[in-house]
Amino acid sequence: MQTLIEPETAGDPLSGQKWVRSSLRQLSVRLTGQGHPVSHQTVGRLLDKLGYALHVNAKQLEAGAAHPERNTHFEYLATQRQAFQAAGLPIISIDTKKKELIGNFKNAGATWSQQAEAVNVYDFPKDASGRAVPYGIYDMIHNRGAVYVGSSADTPQFAVDVIASWWEVIGHPSFGPVDQLLILADAGGSNGCRPRLWKQQIQEQLCDRFGLTVTICHYPTGCSKWNPVEHRLFAPISLNWAGKPLRTWDTMLAYIRGTSTTTGLQVEAFRHEGFYATGLRVSDTEMEALHLEHHAVCPNWNYTIRPHSDC
């Protein structure tokens, strides 16, 4: 057996993990052809004794893990969070959740029931009532979440409009007369560190409109799972609607609002209407007019935007 699988064995030189290309039935046929008739079940037991097992790919490698400033940035991000929390200032973690088709479509996961619900065989967008774009805001101070469900493009303008709506209706009433806000966001997407429109909209819709000084700290590329909104808000929502088709907009909103945890998480949900065009550009002149200051530590990922009234 060892002689048969040795030529097609691959392995990790660090962990010692090994794998073979052939299936159990293929190995069974080849062993039988060599005068050793065995079933594929027996082949499985023999491989187990040799230290092999059936595995799937394990997502363990972070794209930004090798960045020279990764650890420095995480330490700086923790310092920023501690400073804002000690001062009683608002801290929100933001991101766009996985987009969902609204209609009679399969939803990943399982739920207890007497029989499985029948859903469409194929997930054709033409059969959907629309495509939901859930944008989540997690208030780290009060352990509260808000999800704004749009149906247009996931653009920087959409992201900042949602944050502005949250601040006006929920954030400001919760925190009172504060003039600073810390935003934790991924490095990519509509609220990434590169889009000019994201920064321009923060200046216009948050800083100048509400008189807020906004500090944004982006998690390094490939480290989105460290963003609190992912595991403190999105994960409980996914568990709450697991295995349940999102047939209508109201159904989706109800599952989001019904999400809770043993730590006291409360979640609100809103439809966010509006059309958002893609491809909008911000000129060099407009960028130069922003009241933006990059931090000394990892300046591409950390910056503060102040109201023009402070100039």
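Just above sits the structure.
**Description of the overall build of the protein**
Within the protein, the regular secondary structure consists of 9 helices and 11 strands. Across the 311 residues in the protein, those meeting the buried criterion constitute 43%. Long-range pairs, those at least 24 residues apart, make up 71% of the contacts in the protein between residues at least 6 apart in sequence. Summed over its atoms, the accessible surface of the protein is roughly 17300 Å², and 52% of this surface lies on carbon and sulfur atoms.

**Concerning the pattern of salt bridges**
One pass over the structure, following the stated rule, counts 9 salt bridges. Of the charged contacts, one joins R144 and E268 as a salt bridge, the two residues approaching to 2.9 Å between their closest N and O atoms. Of this pair, R144 sits in strand 6 (residues 144–150) while E268 sits in strand 9 (residues 266–271); the two residues are 124 residues apart in sequence, bridging distant segments of the chain.

**Remarks on the packing of helix 5 (residues 156–175) against helix 6 (residues 196–210)**
In the contact formed by helix 5 and helix 6, the axes pass within 8 Å of each other and the chain directions differ by 20°. Here helix 6 runs roughly parallel to helix 5, going by the angle between their axes. Viewed along their axes, helix 5 and helix 6 form a crossing whose handedness is right-handed. Across from P156, Q157, A159, V160, D161, I163, A164, W167 and E168 in helix 5, the residues of helix 6 making contact are L197, W198, Q201, I202, Q205, L206, R209 and F210. Its residues assigned to classes, the contact of helix 5 with helix 6 comprises 11 nonpolar, 3 polar and 3 charged.

**What about helix 5?**
Under the 1.5 Å per step criterion, the end-to-end length of helix 5 is only 25 Å for 20 residues, more than 12% shorter than the ideal 28 Å. At W167, helix 5 shows its maximal bend, which comes to roughly 50°. Within two residues after helix 5, G176 carries a phi angle of roughly 80°, on the positive side.

**Topic: the nonpolar core**
Core analysis: the largest hydrophobic core is formed by 60 residues, its most contacted members being I183 and I202. Considering each element in turn, this core owes the most residues, 10 residues, to helix 5. The contacts of I183, once residues within four sequence positions are left out, are I92, I94, I163, I202, L206, V214, T215, I216 and C217. Core analysis: the second largest hydrophobic core is formed by 5 residues, L27, L31, V43 and L47 among them.

**Side note on a nonpolar patch on the surface**
There is a patch of nonpolar side chains on the surface, built from V121, Y122 and F124 and spanning about 360 Å² of accessible area. With respect to the element layout, V121 can be found in the loop between strand 4 (100–102) and strand 5 (130–139).

**Describing the packing of aromatic side chains**
Working definition: an aromatic ring pair is given by the centre-to-centre distance plus the angle between the planes. Enumeration over the complete set of coordinates arrives at 7 aromatic pairs. Taken together through their ring pairs, the aromatic side chains of F74, Y219 and W226 make up a single cluster. The lysine or arginine in question, K199, covers the ring of Y303, its NZ or CZ lying 5.0 Å from the ring centre. Over the ring of W249 we find R271, and its NZ or CZ is 3.9 Å from the ring centre.

**Overview of the pairing of strand 11 (residues 302–305)**
Burial along strand 11 is two-sided: N302 and T304 and Y303 and I305, pointing in opposite directions, are all buried. Across 3 bridges, strand 10 (residues 292–294) lies against strand 11 in antiparallel orientation. For E293, the partnering residue across the bridge sits in strand 11 and is T304.

**What to know about unusual backbone geometry**
In this model, N143 sits at a positive phi of 55°, which is unusual for a non-glycine residue. Mapped onto the fold, N143 is located in the loop between strand 5 and strand 6.

**Comments concerning the side chain of S93**
The topology assignment puts S93 in strand 3 (residues 91–96). A polar side-chain atom of S93 sits 2.3 Å from a polar atom in the side chain of N227. A distance of 2.9 Å separates a polar atom in the side chain of S93 from the backbone nitrogen of V229. Once residues within four sequence positions are removed from consideration, S93 is found in contact with G136, I137, Y138, M140, L184, N227, P228 and V229.

Rules used in this analysis
Residues numbered from 1 in each chain as written. Predicted model: local features only at pLDDT ≥ 70, side-chain atom pairs only at ≥ 80, totals over all residues. Heavy atoms only, no water. Helix = DSSP H or I, 4+ residues; strand = E, 2+ residues; numbered from the N terminus. Buried < 20%, exposed > 50% of the residue type's maximum accessible area, 1.4 Å probe, protein only. Contact = heavy atoms within 4.5 Å. Areas by Shrake-Rupley, 256 points an atom, 1.4 Å probe, with all protein chains shown as cover. Salt bridge = Lys/Arg side-chain N within 4 Å of Asp/Glu carboxyl O. Axes fitted to C-alpha atoms, helices over the stretch in contact; angles between N-to-C directions. Parallel < 35°, antiparallel > 145°, perpendicular 65-115°, else oblique. Left-handed = near helix turned anticlockwise from the far one by under 90°. Nonpolar A, V, L, I, M, F, W, Y, C, P; charged D, E, K, R; others polar. Expected span 1.5 Å × (residues − 1). Bend = angle between axes of the 7 residues up to and from the residue. Core = buried A, V, L, I, M, F, W, Y, C linked by side-chain atoms within 4.5 Å. Patch = residues over 30% accessible without salt bridge, like charges linked within 9 Å, V, L, I, M, F, W, Y side chains within 5 Å. Phe/Tyr/Trp six-rings, centres within 6.5 Å; stacked < 30°, edge-to-face > 60°. Lys NZ or Arg CZ within 6 Å of the ring centre and 35° of its normal. Pairing = 2+ DSSP bridges. Polar contact = N/O pair within 3.5 Å; in protein donor to acceptor, adjacent residues only side chain to side chain.

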